[in-house]
Each structure stands twice: as structure tokens, then as C-alpha cells.
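# Observations on chain architecture
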Amino acid sequence: MADTTDNTATGTVTSTPRKSSWKYIGPGIVVAATGVGAGDLVATLIAGSNFGYTLLWAAIIGCLVKISLAEAAGRWHLSTGRTLFDGWASLGRWTTWFFAVYVVIWGFVYGAAAMSSSALPLQALFPDVMDLKWWGIACGLVGLVFVWFNKYAVFEKVMTVLVGVMFVVTVYLAIRVTPNLGDAFAGLLPVLPDEKDSILNTLGLIGGVGGTITLAAYGYWVNAKGWTNTGWMKVMRLDNRVAYATTGIFVVAMLFVGAELLHSANVAIASGDKGLIQLSDILEDKYGTATAKFFLIGFFATSFTSLIGVWHGVSLMFADFVERYRSRETAAGGEEIASGERERSWPFRAYLLWLTFPPMILLFEGQPFRLIIIYGVLGAAFLPFLAGTLIWLLNTSRTPSQWRNGPLSNAMLAIAGLLFLVLCVKQIWDQPWAEFF
């Protein structure tokens, strides 16, 4: 069979590839860039500052768990020719209700969080230009315009450039702090810290590496790339491994920084995105202004890739959700919308607007308490939902027998489901429900 080139501008391919090749890599870079946000880097930094290299193994396991989830989502799309939401809809109406509530509330709160996260490094780099909330609004509008007017091909290229910036900055910092390689290798042994709640902290680090709903979006990016059948399966799997190898490098590098720069000096930083601003100040004191500014550029690349990645990927999912719902309600069944057309559809653009404009209210008014609790619970419940439904879909007649789960896939998805279920229960338990009512 002849080799092939995929046409990401039109979402079509001329044939299937002769073999997997690095030249096809793309959606994996996108999912890695989107999944690793500022919050992930802070969580890894704090793990390094609290426990040194002890939980290095947990960060790596987190990447392996997410590989299994993203691979399963991509395998569903390629083996069935159906989207993930189409699969969910086949499991019953409850999936529609869960996703509808989730995507509306999650998008409203996440939009504000993504804009604020992207604004923080810009305000630190240019403190006299404008206020934080106006930087946030500017980031949201730039993301909106970029995704609105560009299809997947351009989107992927920009994400690749920003991932390159992230990669250079994080690896540079890891080398700059001069990691203790002996201690780092010792951190590969699965040992729990002696501190209180160490098991939950470890599970949190494993579960927090590399994305939530973006894992479900991976299959949509695979289709947008022009990979639409099982001939692309080996390419998709290579692409997915590259995604989480890249993610692993990011989180290991930041754990090195936390272990060497913060743990050794007994320095604590705040959770959340502001912890990275604190890290910038620490880097400036220790290594100079140039290193601090270089880090802030990497911080912006990390936050902005998450913003435009969600603006694009989750809007694709929402467009598919609306398409399936309308087809079912009208009993029309019609033809499936091609990925390139979906990027121009009104549901895609409506969700883009939802992610951008209503969340701006939260930049001015603060985040409403009850909404944040619901957001936290729904967010914690999504990954158990994803893992459980993928096990269901990929072990039944909905998937061609050749591409159903094997023992390893089932084991990894089951581990992921149990892990995220524990974290979900903890998240629900920790919510201040008395104040909610």
C-alpha cells in the first residue's frame, strides 16, 4: 500500500499509512498541551516541595493511566467510525443529561479560570499595562478569534509551537536547579511518604497529571486530523504515547524544580496559579531576572495552550452533542457532519461564545460559591464516568471484536476508574455542603 499524507485542512485522507511514523504526530501534541495546565504544574511543584523526589513514581503512573484513557477514546473513534458522544448516547439518556449539565457549568467556570491563568504571567511581565481582569478578557477574546477563524491544521501548528516553548522552559529549569539524579532514581520506587494523608496526596498527584475532559476530546482531534479508520490505529497509538511522554517530561521537570528549589530550602508556595508567580519571584532572587521572565513566558504558553485547546476541543464535543440530540429528537438520523464542517457549525461557535463571554462576569464579580461546589463535584465525577463508559463501550458488540479491550486495556481502565472514583468521593466529601444549603 502506498504511503499517504493526511489533509488536516479538509479533514480527509487519501489513503491509510503504510506504517506508523513520527511525521504524522499531531493530536497527541494537542492533547498534551491542553491537558497540562498551570494547575498541574503547581500541583507537581508542591509535591516536589513537600516530598522531594519520593512521589516521582506517582507522576509517571499518572501518565500511564492517562495513556490508557486517551488510547481507548481514540480506538473507539477509529474502530467504529462513530464519535464518543454517539457511543455515550447508545448507553442511555442518563449520559446525555450528565454531559449536558457538566458541559454547561464546567464551561462557565473553566472559561474564567483559563482566562485568569493566562492573564497572570502577562500581568507579571507587563505590570503597568493593564489590570489582571483586562488581561484575562484579552486572552479570552484572542482565543475566541483564533479558534473561530482557523481550522484544525493551523490550530495544531500553533499548539506545537507553544508546546515547544513549554518544553524548552521546563527542561531548562530542571537542568538549572541541578537535580540530584541519585535521589531522582530512588523516587522511581513506589514508596509512600510518612506524612498524614500521604495516600490521598499520592492518588491526587496520579489523577492530576494531564487533563480531564481533554482526554475525551482526543478522539475528536484524531478525526479532525483526518484519521478516520483502523488503518490509522498504529499511528494513533504512537501519537498517544508521544503525548504522554511529553506530559511526563513536563511534570518530572517541575517535580525536579520543586524538589531542588523549594524542598531543599523548605520554601512553600500557594496552591493554584498564583503559586507560579511566587516561583517566578524565587527564580529571580536565585538566578536573575532573565530566568524569571523566561519562566513567565513558559507559564503563559502552558496556560494559553490549555485555553485554546479547550476552546477548540470541547466545542467540537459540544457540536457533536447537539448534532446527536437533534438527530434523535427529529428521528432524522441524517448524515454525520464531517469534522471540518463541525468547526464551522453554529453549535461549535455557540459554545465558543459560552466559554468566552459569560465567564467574564466572574472576572469582575468573583466566583459564586454554590456554582464552584457543583463545578468541583461534576469535574471530579467526569473521569470515573469516562473510564466506566469506555470499559462498557469497548467490551461489547458496539465495538468490532478485533478492537475490543484486551486484558491490559481492561486492567488499566479499571485502575483508572477506581482511582478517579476514590478522588471523586474525596472531592464530594470535602465540599462544605452545610454552607451550600
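With that settled, consider the overall build of the protein chain. Check the secondary structure of the protein chain and you find 19 helices and 2 strands. Here the protein chain holds 437 residues, and the buried ones make up 55% of them. At a minimum sequence separation of 6, the contacts of the protein chain that also span at least 24 residues come to 83%. By element, 64% of the accessible surface of the protein chain is carried by carbon and sulfur atoms, the whole surface being about 18000 Å².

For the rest of this paragraph, the subject is the side chain of S49. Note that S49 resides in helix 2 (residues 38-51). What S49 contacts, discounting residues up to four positions off in sequence, is G258, A259, L262, H263 and V267.

Time to look at the layout of surface pockets. Its boundaries defined by the atoms lining it, the second largest pocket holds a volume of some 300 Å³. Lining the second largest pocket are 16 residues, and of these I67, S68, E71, L408 and S409 sit closest to its centre. Counting only elements with at least two residues in the lining of the second largest pocket, the list comes to helix 3 (56-80), helix 11 (233-263) and helix 18 (407-430). For the lining of the second largest pocket, the leading source of residues is helix 3, giving 6 residues. Class assignment for the residues of the lining of the second largest pocket results in 7 nonpolar, 5 polar and 4 charged.

All chains considered together, the criterion is met by 9 salt bridges. Where D320 meets R342, a salt bridge forms, and the shortest distance between an N and an O atom there is 3.6 Å. Of the two residues, D320 sits in helix 13 (residues 289-330) while R342 sits in helix 14 (residues 339-342), which places them 22 residues apart along the sequence. Each of the two residues, D320 as well as R342, counts as buried. The salt bridge involving E323 is made with R342; its shortest N-O contact spans 3.1 Å. Placement of the pair is E323 in helix 13 and R342 in helix 14, with a sequence separation of 19 residues. Residues E323 and R342 agree in their burial class; the two are buried. Residues joined in a network through salt bridges with shared partners are D320, E323, R324 and R342.

What follows is about the confidence of the model for the protein chain. Per-chain confidence: the protein chain averages 86 in pLDDT, with 88% of residues scoring 70 or above. This model gives residues 1-14 a pLDDT under 50, and the stretch forms 39 contacts once residues within four places in sequence are excluded. Low pLDDT, under 50, characterises residues 331-335; the stretch is placed with 3 contacts to residues that sit more than four places away or in other chains.

On the surface, a nonpolar cluster with roughly 540 Å² of combined accessible area is contributed by I60, I61, L64, L181, F185 and L188. For the nonpolar patch, the secondary structure elements donating two or more residues are helix 3 and helix 8 (181-186). When residues in the nonpolar patch are grouped by element, the largest group, 3 residues, is from helix 3. Within the fold, L64 resides in helix 3.

Moving on: empty space enclosed by the protein. The probe, sized like a water molecule, is rolled over the atoms to show the empty space still left. Evaluation of the coordinates by the stated rule reveals 1 cavity of 30 Å³ or more. Put simply, the largest cavity is a space of about 50 Å³. Along the walls of the largest cavity sit L41, M166, V169, T170, L173, M254, F295, G298, F299 and T302, which together make up its complete lining. Breaking the lining of the largest cavity down by element, the ones donating at least two residues are helix 7 (152-176) and helix 13. Classifying every residue of the lining of the largest cavity by side-chain character gives 7 nonpolar, 3 polar and no charged.

The rules we used
Residue indices begin from 1 for each chain and proceed along its sequence in written order. Restriction of local features to residues with pLDDT of at least 70 applies here, the model being predicted, together with a cutoff of 80 or more for giving and counting side-chain atom pairs; totals for whole chains, interfaces and linings are based on all residues. Hydrogens and waters are ignored; side-chain quantities use all the structure's heavy atoms. Secondary structure counts use DSSP, requiring at least four H or I residues in a row for a helix and at least two E residues in a row for a strand, with both numbered from the N terminus. To sort residues, take the accessible area from a 1.4 Å probe on protein chains only and compare it with the maximum for the residue type: under 20% means buried, over 50% means exposed, and anything in between is partly exposed. The contact criterion used is simple: two residues touch if any of their non-hydrogen atoms lie within 4.5 Å. Calculation of accessible area relied on Shrake-Rupley with a 1.4 Å probe; when residues are assessed, cover is drawn exclusively from the protein chains displayed. In the cavity and pocket records, a cavity denotes points on a 1 Å grid over the protein atoms alone where a 1.4 Å probe fits but cannot get out, a pocket denotes an open set with protein on both sides within 12 Å along at least 5 of 7 lines, and lining residues are residues with an atom within 4 Å of a point. Grid points are joined across faces, edges and corners, and a volume is the space filled by probe spheres set on the points. In this classification, the charged set is Asp, Glu, Lys and Arg, the nonpolar set is Ala, Val, Leu, Ile, Met, Phe, Trp, Tyr, Cys and Pro, and all remaining amino acids, among them Gly, are polar. One side-chain nitrogen of Lys or Arg within 4 Å of one carboxyl oxygen of Asp or Glu is enough to make a salt bridge. pLDDT measures the predictor's confidence residue by residue and takes values from 0 up to 100. Patch membership is restricted to residues that have no salt bridge and whose relative accessible area is over 30%. Joining uses 9 Å for like charges and 5 Å for the nonpolar side chains Val, Leu, Ile, Met, Phe, Trp and Tyr.

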